[in-house]
2 protein chains.
Amino acid sequence: MRQPYGMKELGRLIEPTSIAIFGASDRPGSLGLRALNNLDGYAGRVYPISARLSELGGRVYYPSLADLPEAPDCVVLAIPAEAVEPALEQCAAAGAGSAVVFASGFAELATPDAIAAQTRLAELARRTGLRVVGPNTTGLANLATGAHMGFAEFPHGFVNRPGSIAIVAQSGAMGLALSQASEHGASISHVLTCGNSCDVDVADYISCLAESPHAGAIALVFEGLEDFGRLRVAAHTARKAGLTVVGFKLARSSEGSVAAASHTATDTGTAEGFDALAAETGLIPVTDIEHLLETAAFFSKVHALPGMPRAKGPRVAIISSSGGTGILAADTASLFGVALPQPASATRGRLVAALPAFASARNPCDVTAQATSNPQSLQACAEALLSDAAYDALVLPVGRGLKPAQLDALSAAALARGKPLCIVWMSQWLEGPGSREAEALAGLCLFRSMRSCFNALAAWRSRD
Amino acid sequence: MRQPYGMKELGRLIEPTSIAIFGASDRPGSLGLRALNNLDGYAGRVYPISARLSELGGRVYYPSLADLPEAPDCVVLAIPAEAVEPALEQCAAAGAGSAVVFASGFAELATPDAIAAQTRLAELARRTGLRVVGPNTTGLANLATGAHMGFAEFPHGFVNRPGSIAIVAQSGAMGLALSQASEHGASISHVLTCGNSCDVDVADYISCLAESPHAGAIALVFEGLEDFGRLRVAAHTARKAGLTVVGFKLARSSEGSVAAASHTATDTGTAEGFDALAAETGLIPVTDIEHLLETAAFFSKVHALPGMPRAKGPRVAIISSSGGTGILAADTASLFGVALPQPASATRGRLVAALPAFASARNPCDVTAQATSNPQSLQACAEALLSDAAYDALVLPVGRGLKPAQLDALSAAALARGKPLCIVWMSQWLEGPGSREAEALAGLCLFRSMRSCFNALAAWRSRD
């Protein structure tokens, strides 16, 4: 088995200082133009290559790779399938570090010719040391540097804060669908997709991100791999680096595997094999793809907490302003085997002092609807529970938006104790007031699903 | 067992022509003022009752129930617990039809006195025929008439269209959390909550809604009941009326049941008992509360489809512009035992004609990323699959927003064939462009979870 690539092999791909584009174009809608426009925010050097154009819109075009002033770190190939192989040979000969191949029409066609063509690309990569992404890929984006080597509408801009997530996806469309979470406040550092994975695959991306300063956790979605052993090694590498990988595996069923054959034509393995790999390496599996990012953000934030305690359980307190949501939290804790110990007697005293008689000064703690008219009561109870050594984390279901000042105070209380406060957003106004603020605060972990929250808490383990 | 109430018993509660408020107040934040303000959009007659006020802000206040010009259909009691019983006696004596009791401090306290006090309210209701909602409730709202007898911030306004949902919730906070889906376009006809349920309970609401012209489906969330047999009868009644009940049961675990004791103090039964009731009555259970409304909206729309075929299976076609999302759909269909037959040869011919060579002219049908630059291709394939008698429904995962014109055309195609087209919103921009439009169109059923979509499809059965 080939070992996963690290920053040594992929540095010129993930953090390029110069990018060339084969097939750069001024034709509206063309992949070449979309790739070129995606580099608008990039601080590195950009070299559009076109036999037809020499200058357009203030950009200098180069007739060929040989005419560039330097060997580019990455070359984007927005050209037809039949032109790919000779272009990659040119890239390797010119000393380029990496290449991204958009073209479809390789192994996913499942014809002998197309499979052989892809095999030749893989051999070329091995022989020359040129690192090749694709074919049949939308490319990748490093949002921290603005290096976007692809034609997808991935988000722009990155603020380095707790909760940041690197998305690693085989499918470009999946990467795009996930990355749109940035529209409601998710912090995305990278969107790395790889399509048919003739050379660079999701395991390589993970291994390389373990050396990146920007990734806080990895959200992985993929269907197949050349070698699952490489993913095992990469997941171990990430864990050693303190980087949690949260994963969703596609093509778990035979129906899905058949569909995958005509998508990226990689070996999908078995669902059981992936689950075993996850259990062995500490990769956190999710059962629903819509839980992927919030789970990754949880681990990203937990990892950044000051003096984070080693969770052994973990033991959780629930606080709610509605009995119904407290019951749901208790049900879900039970489902995931998460312990809900009762508070220490000193804590109980603080709860009783802060609550009306008809509230519940226990775990789950129901502060009742009075919390809406008296936010101090909720805050006092949250602080009492966070201060109790019996608890590793606090869960707060929220049925309607909280005010920014309330969220700030709750986040500060959580940070002061070095424990995560999980907000479960029960309001079906999914992007309603307060959700963006909660997502951005270092002490708060936002979930839009109770099941997703307790799945993450149950998976949270001491990571030494 | 008492039979569930119907419109005969609850008409004056659900569709009142006059509403009185005990404890009407001008004090900011008071429940009395909030209840009064909630009636701003109500066309019926409103009678605030106050010993202190006589006229304020253009409103005439009445000193007592006896001074009203008529016996009100409903009386809202925004008064302390100890004042409730005599006030209810007055309501009954005055010929009021129903009453809503906000006050906490009854059976949920679990003290002998408080339990006895609630028992007296229940007996009063039985003896007098006054229908009593609560105690310990936020009340109920009929959004079609603007009759809101409660203090919660339930939404205002209702447009009668396919996809409308009546929310029935024991917990007011749950009702509120769910009803906020109206902010992103869900159509909510009623929010009916009942708290401790000393008289009117969720089964009564369901039975009564079966006679309402506005409810398209019912979304039920509750923890306990006096008598599960009543829910069984009500669910049968709803089904006979063509009204699907989608339900989420709280307090499934022993931990949740303990928490429920101090919330509404109703008998929570067992999870198995509820599941058996669901299977027997055709009530559709969901495993995640965030799936509740989209599942109810699916059944609401399916019920309104012209010439809806009787689904026997059902048999589903998948169409995607991304192989990855198609694989996920196939995986999830397999998980729920939903059949994905291959298209008839004529259909296959139509798909081949509309697709490039590297696309998949099968089920799942992957139209590839070209669908983004050529929407006609997606539309042609959707029409081919919807026209094929092999299919009862079409599933379309969407990784990024669709344009309104595209959504209109897809909805029209679905309506023309009388088959639902399920849009699975894979984009994590949860309320992004197109989602509101998709939610409003009669031919499209919007899901934000693949699992939720196939759970609904699997549960979809011939309903005669």
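In the block above lies the structure referred to throughout.
The shown structure was predicted, so the numbers you read here are calculated from the model rather than taken from an experiment.

**Q** Before we go on, may I ask you to explain the overall build of chain A in this structure?
**A** Looking only at helices and strands, one finds 17 helices and 19 strands in chain A. At 24 Å, chain A has a C-alpha radius of gyration in line with the 23 Å of a compact globule built from 464 residues. Viewed in the frame of its principal axes, chain A has a C-alpha envelope of about 80 × 50 × 35 Å. Looking at chain A residue by residue over its 464 residues, the buried ones come to 62%. Taking contacts inside chain A between residues at least 6 apart in sequence as the whole, the part at least 24 apart equals 74%. Here chain A contributes 35 positive and 41 negative side-chain charges, whose respective centroids are spaced 8 Å apart.

**Q** Looking at this structure, how should I read the relation of the copies chain B and chain A?
**A** Related by rotation about an axis and a shift along that axis, the two copies of the chain form a pair. In the superposition of chain B on chain A (RMSD 0.0 Å, axial shift 0.0 Å), the rotation amounts to 180 degrees. Viewed as a symmetry operation, the transformation between the two copies matches a two-fold axis. Both copies contact each other with a shared surface, as 100% of the interface residues of chain B are interface residues in chain A too.

**Q** I tried to follow the packing of helix α14 (residues 375–387) of chain B against helix α15 (residues 404–417) of chain B on my own but got confused; where do I start?
**A** Helix packing for two helices is described by the angle between their axes and how far apart those axes are. Residue and element names in this part refer to chain B. Contact pair α14 / α15: the axes reach a minimum separation of 10 Å and the direction vectors enclose 15 degrees. When the axes of α14 and α15 are compared, the pair comes out roughly parallel. Crossing handedness for the pair α14 and α15: right-handed. In this structure, α14 uses Pro-375, Leu-378, Gln-379, Ala-382, Glu-383, Leu-386 and Ser-387 to contact α15, whose residues at the interface are Gln-406, Ala-409, Leu-410, Ala-413, Ala-414 and Arg-417.

**Q** Explain the side chain of Thr332(B) here, please?
**A** All names here are of chain B. By the secondary structure assignment, Thr-332 is in helix α11 (residues 323–335). Within the structure, the side chain of Thr-332 is placed 2.6 Å from the backbone oxygen of Leu-328, a separation counted as a polar contact. The contact partners of Thr-332, leaving out residues within four places of it in the chain, are Met-450, Arg-451 and Phe-454.

**Q** Help me understand the packing of aromatic side chains in this model?
**A** Aromatic ring pairs are defined here through the distance separating the ring centres and the angle between the ring planes. Under the counting rule described, the total for this entry stands at 14 aromatic pairs over all chains. With a centroid separation of 6.0 Å and 50 degrees between ring planes, the pair formed by Phe222(A) and Phe228(A) is classed as tilted. The burial state of Phe222(A) is the same as that of Phe228(A); both residues are buried. Aromatic rings pair up to connect Phe298(A), Phe299(A), Phe447(A) and Trp460(A) into one cluster. The positively charged end of Arg2(B) is found above the aromatic ring belonging to Tyr5(B), 3.8 Å away from the centroid. In this arrangement the basic side chain of Lys249(B) is found over the ring face of Phe222(B), its NZ or CZ atom lying 5.7 Å from the centre.

**Q** Where do I start with the interface of chain B and chain A in this structure?
**A** A common way to state how big an interface is: give the accessible area lost once the parts meet. On the side of chain A, 60 residues touch chain B, which itself brings 60 residues to the contact. In this assembly, chain B packs against chain A so that about 4800 Å² is buried in total across both faces, 59% of it on carbon and sulfur atoms. Viewed at the interface, chain A and chain B are joined by four salt bridges. Across the chain B-chain A interface, the total number found is 25 residue pairs in polar contact (both at pLDDT 80 or more). Sorting the residues of the side of chain B that touches chain A by element identifies α5 (172–179), β13 (245–249), α8 (254–261) and α11 of chain B as the ones contributing at least two each.

**Q** Got a minute to help me understand the sheet that holds strand β17 (residues 393–398) of chain A in this structure?
**A** Strand pairs in the sheet, formed through backbone hydrogen bonds, run parallel or antiparallel to each other. All names here are of chain A. The parallel open sheet is built from five strands, whose spatial order is β16-β15-β17-β18-β19. The two strands at the open ends of the sheet, each matched to only one other strand, are β16 (365–366) and β19 (444–447). Bridging between strand β15 (residues 316–320) and β16 involves two bridges; their strand directions are parallel. The residue bridging Ile-319 from the neighbouring strand is Cys-365, located in β16. Seen against the sheet, helix α10 (residues 292–304) touches β18 (421–425) and β19 and runs at an angle of roughly 170 degrees to β19.

**Q** What is the right way to read the pairing of strand β2 (residues 45–49) of chain A from this model?
**A** When a strand is regular, its side chains alternate between the sheet's two faces. Residue and element names in this part refer to chain A. As judged from the five bridges shared by strand β1 (residues 18–22) and β2, these two strands associate in the parallel manner. Bridged to Ile-19 within β2 is Val-46. Taken together, β1, helix α2 (residues 31–37) and β2 constitute a β-α-β crossover, and its handedness is right-handed.

**Q** Would you take a moment to explain the pattern of salt bridges for this structure?
**A** As a working rule, side chains carrying opposite charge can pair if their charged atoms are close by. For the coordinates displayed, the defined rule picks out 30 salt bridges over all chains. With a shortest N-O distance of 2.6 Å, Arg12(B) and Asp73(B) are connected by a salt bridge. Of this pair, Arg12(B) sits in helix α1 (residues 7–14) while Asp73(B) is found in the loop between β4 (59–60) and β5 (74–77), placing the two residues 61 residues apart along the sequence. For Arg12(B), a relative accessible area of 34% corresponds to the partly exposed category. Between Arg59(B) and Asp40(B) there is a salt bridge, with its nearest N and O atoms 3.2 Å apart. Here Arg59(B) is found in strand β4, whereas its partner Asp40(B) is found in the loop between α2 (31–37) and β2 (45–49), with 19 residues between them in sequence. One network of salt bridges, with partners in common, ties together Asp201(A), Glu226(A) and Arg230(A).

**Q** Help me understand the environment of Phe336(A) in this model?
**A** Residues and elements named next belong to chain A. For Phe-336, the position within the fold is in the loop between α11 (323–335) and α12 (345–354). Spatially, the C-alpha atom of Phe-336 lies 46 Å from that of Thr-111, the residues being 225 residues apart in sequence. Not counting residues within four places of it along the chain, the set of residues in contact with Phe-336 comprises Arg-451, Phe-454, Asn-455 and Ala-458.

**Q** What's the story with helix α17 (residues 450–459) of chain A in this structure? I'm lost.
**A** Given 3.6 residues per helical turn, the α-helix brings residues three or four places apart onto the same face. With eight of 10 residues buried, α17(A) lies mostly within the body of the structure. With a side-chain oxygen lying 3.3 Å from the backbone nitrogen of Arg451(A), the N-terminal cap of α17(A) falls on Ser449(A).

**Q** I keep staring at the pairing of strand β10 (residues 165–169) of chain B and nothing clicks. Help me out?
**A** Residue and element names in this part refer to chain B. In terms of residue burial, β10 counts as a mostly covered element, since five of its five residues are buried. The alternating pattern of β10 places Ile-165, Ile-167 and Ala-169 and Ala-166 and Val-168 on opposite faces, both of which are buried. Where β10 and strand β11 (residues 188–193) come together, five bridges link them in parallel fashion. Its bridge partner being in β11, Ile-165 is matched across the sheet by Ile-188. Considered for its hand, the β-α-β crossover made up of β10, α5 and β11 is right-handed.

**Q** Any chance you could explain unusual backbone geometry here in plain terms?
**A** Peptide bonds are, in most cases, trans, and in most cases residues other than glycine have a negative phi. Residues and elements named next belong to chain B. Omega for the bond connecting Gly-134 with Pro-135 falls within 30 degrees of zero, at 0 degrees, which places this linkage in the cis form. In this structure, Pro-364 follows Asn-363 across a cis peptide bond, with omega equal to 0 degrees. Positioned with a positive phi, Asn-136 is a non-glycine residue whose angle comes to about 65 degrees. As for its position among the elements, Asn-136 is in the loop between β7 (131–133) and β8 (139–142).

**Q** What exactly am I supposed to notice about the nonpolar core here?
**A** Generally speaking, nonpolar side chains in soluble globular proteins are found buried as a group. Phe298(A), Phe454(A), Leu457(A), Phe298(B), Phe454(B) and Leu457(B) are the most contacted members of the largest nonpolar core, which has 117 residues in total. The residues touching Leu457(B), leaving out its near neighbours within four places in the chain, are Phe298(B), Pro314(B), Val316(B), Ala393(B), Val395(B) and Cys422(B).

**Q** Teacher, can you tell me more about the sheet that holds strand β19 (residues 444–447) of chain B here?
**A** All names here are of chain B. Within the open sheet, the five strands sit side by side as β16-β15-β17-β18-β19. Their pairing is parallel. The strands lining the two open edges of the sheet, one partner per strand, are β16 (365–366) and β19. Bridge count between strand β17 (residues 393–398) and strand β18 (residues 421–425): five bridges; the pairing is parallel. By the bridge assignment, Val-395 is partnered in β18 with Cys-422. Sheet strands in contact with α11 are β15 (316–320), β16 and β17, and its direction is about 160 degrees off that of β15.

**Q** How do you make sense of the environment of Gly273(B) when you look at a structure like this?
**A** All names here are of chain B. Within the secondary structure, Gly-273 sits in helix α9 (residues 271–281). You can call Gly-273 partly exposed: its relative accessible area is 33%. Sequence separation of Gly-273 and Phe-228 is 45 residues, and the distance between their C-alpha atoms is 8.7 Å.

**Q** How should the packing of helix α10 (residues 292–304) of chain B against helix α17 (residues 450–459) of chain B be read in this particular structure?
**A** Residue and element names in this part refer to chain B. It is at 10 Å that the axes of α10 and α17 come closest, and there the two elements cross at 40 degrees. Considering the angle they form, α10 stands oblique to α17. The element α10 and its partner α17 pack so that their crossing is right-handed. On α17, the residues touching Glu-294, Thr-295, Phe-298 and Phe-299 of α10 are Ser-452, Ala-456, Leu-457 and Ala-459. Residues belonging to the contact of α10 with α17 are distributed by class as follows: five nonpolar, two polar and one charged.

How each quantity is defined
- Residues numbered from 1 in each chain as written.
- Chains lettered and ligands numbered in written order.
- Predicted model: local features only at pLDDT ≥ 70, side-chain atom pairs only at ≥ 80, totals over all residues.
- Heavy atoms only, no water.
- Helix = DSSP H or I, 4+ residues; strand = E, 2+ residues; numbered from the N terminus.
- Rg over C-alpha atoms; globule rule 2.2 N^0.38 Å.
- Buried < 20%, exposed > 50% of the residue type's maximum accessible area, 1.4 Å probe, protein only.
- Contact = heavy atoms within 4.5 Å.
- Lys, Arg positive; Asp, Glu negative; His and termini not counted.
- Charge placed at Lys NZ, Arg CZ, Asp CG, Glu CD.
- Least-squares fit on C-alpha atoms with pLDDT ≥ 70 in both.
- Axes fitted to C-alpha atoms, helices over the stretch in contact; angles between N-to-C directions.
- Parallel < 35°, antiparallel > 145°, perpendicular 65-115°, else oblique.
- Left-handed = near helix turned anticlockwise from the far one by under 90°.
- Polar contact = N/O pair within 3.5 Å; in protein donor to acceptor, adjacent residues only side chain to side chain.
- Phe/Tyr/Trp six-rings, centres within 6.5 Å; stacked < 30°, edge-to-face > 60°.
- Lys NZ or Arg CZ within 6 Å of the ring centre and 35° of its normal.
- Buried area = accessible area lost by both parts, 1.4 Å probe.
- Salt bridge = Lys/Arg side-chain N within 4 Å of Asp/Glu carboxyl O.
- Pairing = 2+ DSSP bridges.
- Right-handed = clockwise from strand over helix to strand, strands pointing away.
- Core = buried A, V, L, I, M, F, W, Y, C linked by side-chain atoms within 4.5 Å.
- Nonpolar A, V, L, I, M, F, W, Y, C, P; charged D, E, K, R; others polar.

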